[in-house]
Amino acid sequence: MPGVFLTSVQTDKFKTSALSVSLVRPLRRETASLNALLPAVLRMGTERYPDMESYSDRLNELYGARIEPYVRKKGEAHLIGFVCDFADDRFAPLGTDILENTASLCIDTILRPALKDGAFKSEYVEGEKRNLSDRIEAQINDKRTYASRRIIELMCDGENFGADPLGSVSDVQGITPEGLFSHWKDILRTSFIQIFYCGAFGFDRVKNALLSGLSGLERGRFEPISTEVMEKAGEVRGFDEELDITQGKLSLGFRTGGSVMDESYPAYAVFNTIFGASTTSKLFLNVRERLSLCYYASSIIEKFKGVMVVSSGIEFENYQKALDEILSQLEDCRNGAIEPWEIDSAKSYLISGLKSSMDSVYQMEEFYLGQSSAGLDYGPEELARRISSVTREQIIECAGRVTLDSIYFLKGKGA
């Protein structure tokens, strides 16, 4: 089926199976709210089960299966869809076929929603518009997450990556049932579809369970999906914002010059872990513990975009000291001031995380969906092998390619 891709991981280690279906869209500010609203409205009912009561009854008949909407951002791709959690057929009466029935209900939720007068039911749309607006407005409540989101929005203001995957309240309020219905019809034709399954059954059974439900899907010209990765930052920009807070939030945005699609990505992952992504990192041990300049200090790489963000919580008066020390720790990485134990600890941390992620169907789904979105076909075992083989010289080279783009400081009013 054109533009539809299935990743199937067969394992008997779980008593439940997972299935996710993602419509993959270009991330754009003008359509973010429409995309984000759609899964919640679709989840309100199907042609056969047109309300939440009958829909929930059907899930209960499938031994408590769950189908939940989600909205994700991977680079400049906007993924919307559903993740399903259901009992493995091995633990249900013979002939139940939970996989086939859950897959059918999930596909019906996307392709055959409950409609009224040729559009989505207005009460469903208005109710989910309120819920989505509340989610967007609530993002400011967690100041640490808010600051990390703001540095991305500001440093990537002219790029699609800067768009909030939930959209904006003003855009949400302008959505009509008819407009959302038209958008739904368009994206069904033009979206790539990524499907992930993890459970006891083989590829052919999963494929056949999906094909029958997808048989009526109309395919058209697909929207191209790509993510711009900047080689290096330009002039460093500074942004300040004031809110009624007692602890400052200092966030730094960097361009790494590479992404998960590059052969050097495992070295970037090790560098980031040494720099700020673990409790043995330079930021944690030096900026937080030794110098007590931060309540927290950590770094994370947005691997699909080639962006690294450092997040820290500080006293307002420690702004310059904390900033200088964070950059000093990065400079140490560039200059090769990295001990063998730091490299070993970082590799062990990453490999252990990959192994433990394989003990959760949800983390496996997240990993493989990311791999599929990036066009990568290797699994966690291969990534662990590549991480293990990273050299000190490769780590230093990656650190040298990282350039500071933007500085964001969230401070108290009058501070």
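Visitor: Provide a residue-level description of empty space enclosed by the protein, including the pertinent values.
Guide: Inspection of every chain in the model, using the stated rule, returns 2 cavities of 30 Å³ or more. Looking at the lining of the largest cavity, the elements that each hand over two or more residues are β2 (16-26) and α3 (98-111). Classifying every residue of the lining of the largest cavity gives 8 nonpolar, no polar and no charged. Reported here for the second largest cavity is a volume of approximately 30 Å³. Lining the second largest cavity are Thr7, Gln194, Ile195, Phe196, Tyr368, Leu369 and Ser372. Of all elements in the fold, only β7 (192-199) and α13 (361-373) reach the threshold of two or more residues within the lining of the second largest cavity. Residues belonging to the lining of the second largest cavity are distributed by class as follows: 4 nonpolar, 3 polar and no charged.

Visitor: Which residues make up the sheet that holds β7, and what values do they have?
Guide: In spatial order, the strands read β1-β7-β2-β4-β3; together these 5 strands make up an open sheet with mixed pairing. Bordering the open sheet on either side are β1 (4-10) and β3 (66-74), each of which pairs with just one other strand. Looking at each pair of strands side by side, their axes are set apart by 15° on average, direction ignored. Helix-sheet contacts for α3 involve β2, β3, β4 (77-87) and β7, and the interaxial angle to β4 is about 150°. Running at roughly 45° to β3, α13 makes contact with β1, β2, β3, β4 and β7 of the sheet.

Visitor: Lay out the packing of aromatic side chains in plain terms, naming residues and giving numbers.
Guide: Scanning the entire structure with this criterion turns up 9 aromatic pairs. The interplanar angle of 65° and the centroid separation of 5.7 Å between the aromatic rings of Phe120 and Trp184 together place this pair among those described as edge-to-face. Of this pair, Phe120 sits in strand β6 (residues 119-120) while Trp184 sits in helix α7 (residues 177-190), and the two are 64 residues apart along the sequence. You can call Trp184 buried: its relative accessible area is 7%. Both rings, one in Phe196 and one in Tyr368, keep their centres 5.8 Å apart while their planes meet at 20°; by these two values the pair is stacked. Taken as a pair, Phe196 in strand β7 and Tyr368 in helix α13 lie far apart in primary sequence, 172 residues in all.

Visitor: Can you explain unusual backbone geometry? Please cite residues and give values.
Guide: With a phi angle near 60°, Tyr63 is a residue other than glycine that sits in the positive phi range. Summarising the element assignment, Tyr63 is placed in the loop between α2 (52-61) and β3. Judged by its relative accessible area of 45%, Tyr63 falls in the partly exposed class. Here Ser292, not a glycine, exhibits a phi torsion of approximately 55°, which is positive. Following the sequence through the fold, Ser292 ends up in the loop between α10 (282-290) and β10 (296-302). You can call Ser292 exposed: its relative accessible area is 53%.

Visitor: I'd like a description of the pairing of β2, backed by residues and values.
Guide: Among the 11 residues of β2, 10 are classified as buried, and the element is accordingly described as predominantly covered. With 11 bridges connecting them, β2 and β4 associate as antiparallel partners. Along β4, the bridge assignment pairs Pro26 with Ala77. Taken together, the 7 bridges between β2 and β7 define a ladder with antiparallel strand orientation. Within β7, the residue paired with Leu23 across the bridge is Ile193.

Visitor: Could you give an account of helix α5 (residues 143-155), with specific residues and numbers?
Guide: An ideal rise of 1.5 Å per residue puts 18 Å on 13 residues; α5 measures up with 18 Å between its terminal C-alpha atoms. Residues of α5 that are buried: Tyr146, Ala147, Ile151, Ile152, Glu153, Leu154 and Met155. For α5, the N-terminal capping position is held by Asp142, with its side-chain oxygen 3.2 Å away from the main-chain nitrogen of Arg144.

Visitor: Requested: an account of α7, with residues and values cited.
Guide: For α7, which comprises 14 residues, the first-to-last C-alpha distance of 20 Å matches the rise-based estimate of 20 Å (1.5 Å per residue) to within 8%. Looking at α7, one finds that the buried residues are Pro177, Leu180, Phe181, His183, Trp184, Ile187, Leu188 and Thr190.

Visitor: Kindly report on the packing of helix α1 (residues 29-42) against helix α4 (residues 122-138), identifying the contributing residues and their values.
Guide: Angle between the axes and distance between the axes: these two values describe a pair of packed helices. Two elements in contact, α1 and α4, have axes separated by 9 Å at closest approach and are oriented at 120°. In terms of their interaxial angle, α1 and α4 are classed as oblique. α4 is crossed by α1, and the crossing has right-handed handedness. Contact residues: α1 offers Ser33, Ala36, Leu37, Ala40 and Val41, while α4 offers Tyr124, Val125, Glu128, Lys129 and Leu132. Classifying every residue of the contact of α1 with α4 gives 7 nonpolar, 1 polar and 2 charged.

Visitor: Explain the pairing of strand β12 (residues 403-412) to me, and be specific about the residues and the numbers.
Guide: Among the 10 residues in β12, 9 count as buried, and that is most of the element. In this sheet, β12 lies alongside strand β8 (residues 237-243) in parallel orientation, the contact comprising 7 bridges. Following the sheet pairing, Gly238 is matched in β12 by Ile407. Of the strand pairs in this sheet, strand β9 (residues 248-255) and β12 are connected by 7 bridges, and their pairing is antiparallel. Following the sheet pairing, Leu252 is matched in β12 by Ile407.

What counts and how
Residues numbered from 1 in each chain as written. Predicted model: local features only at pLDDT ≥ 70, side-chain atom pairs only at ≥ 80, totals over all residues. Heavy atoms only, no water. 1 Å grid on protein atoms, 1.4 Å probe; cavity = no way out; pocket = protein on both sides within 12 Å on 5 of 7 lines; lining within 4 Å. Points joined across faces, edges and corners; volume = space filled by probe spheres on them. Helix = DSSP H or I, 4+ residues; strand = E, 2+ residues; numbered from the N terminus. Nonpolar A, V, L, I, M, F, W, Y, C, P; charged D, E, K, R; others polar. Pairing = 2+ DSSP bridges. Axes fitted to C-alpha atoms, helices over the stretch in contact; angles between N-to-C directions. Contact = heavy atoms within 4.5 Å. Phe/Tyr/Trp six-rings, centres within 6.5 Å; stacked < 30°, edge-to-face > 60°. Buried < 20%, exposed > 50% of the residue type's maximum accessible area, 1.4 Å probe, protein only. Expected span 1.5 Å × (residues − 1). Polar contact = N/O pair within 3.5 Å; in protein donor to acceptor, adjacent residues only side chain to side chain. Parallel < 35°, antiparallel > 145°, perpendicular 65-115°, else oblique. Left-handed = near helix turned anticlockwise from the far one by under 90°.

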